[in-house]
Amino acid sequence: WSTSATRAFATGCLKEECMVSTLDGLSEKELKEIDRWVELYETHDKYTFVGTLVEDVVEHILELEVDTIEQLQEEEEEEVVLV
């Protein structure tokens, strides 16, 4: 599945129709269940944060490359002014 499993954690539903990105319509109890899961992963010794998933990896890499190129160009322009 390419959508967030947050709703599934909140409801306990593992069916494909439960794997949606929206939290609309969840009860207060289900929203608290999400907080409980987040706290577990944030505080448990076994689970460490290693990164964030991105939807389109190729697009993300291309955006990073563009940002890096733009930053390098800005640095080069600053060097020329300082000389």
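Use the structure listed above.
Here the structure is a predicted model, which means the values were calculated and not measured.

Engineer: Just checking my understanding: could you explain the side chain of arginine 7 for this structure?
Structural biologist: Within the element layout of this structure, arginine 7 appears in helix α1 (residues 6-11). Buried and without a salt bridge, arginine 7 has glutamate 30 as its closest oppositely charged side chain, separated by 6.0 Å. A polar contact of 3.0 Å, which involves the side chain of arginine 7, links it to the backbone oxygen of threonine 22. Once residues within four sequence positions are removed from consideration, arginine 7 is found in contact with Cys18, Val20, Thr22, Leu23, Asp24, Gly25 and Leu26.

Engineer: Sorry if this is basic, but what is going on with the state of the cysteines here?
Structural biologist: Formally, a disulfide is one covalent bond, and it connects the sulfur atom of one cysteine to the sulfur atom of another. Scanning the entire structure with this criterion turns up 1 disulfide. Through a disulfide, cysteine 13 is tied to cysteine 18; the S-S separation comes to 1.8 Å. Looking along the S-S bond of the cysteine 13-cysteine 18 disulfide, the torsion reads about 70°, which is the right-handed sense. Under the relative-accessibility criterion, cysteine 18 is labelled buried at 13%.

What counts and what doesn't
- Residues numbered from 1 in each chain as written.
- Predicted model: local features only at pLDDT ≥ 70, side-chain atom pairs only at ≥ 80, totals over all residues.
- Heavy atoms only, no water.
- Helix = DSSP H or I, 4+ residues; strand = E, 2+ residues; numbered from the N terminus.
- Buried < 20%, exposed > 50% of the residue type's maximum accessible area, 1.4 Å probe, protein only.
- Lys, Arg positive; Asp, Glu negative; His and termini not counted.
- Salt bridge = Lys/Arg side-chain N within 4 Å of Asp/Glu carboxyl O.
- Polar contact = N/O pair within 3.5 Å; in protein donor to acceptor, adjacent residues only side chain to side chain.
- Contact = heavy atoms within 4.5 Å.
- Disulfide = S-S within 2.5 Å.

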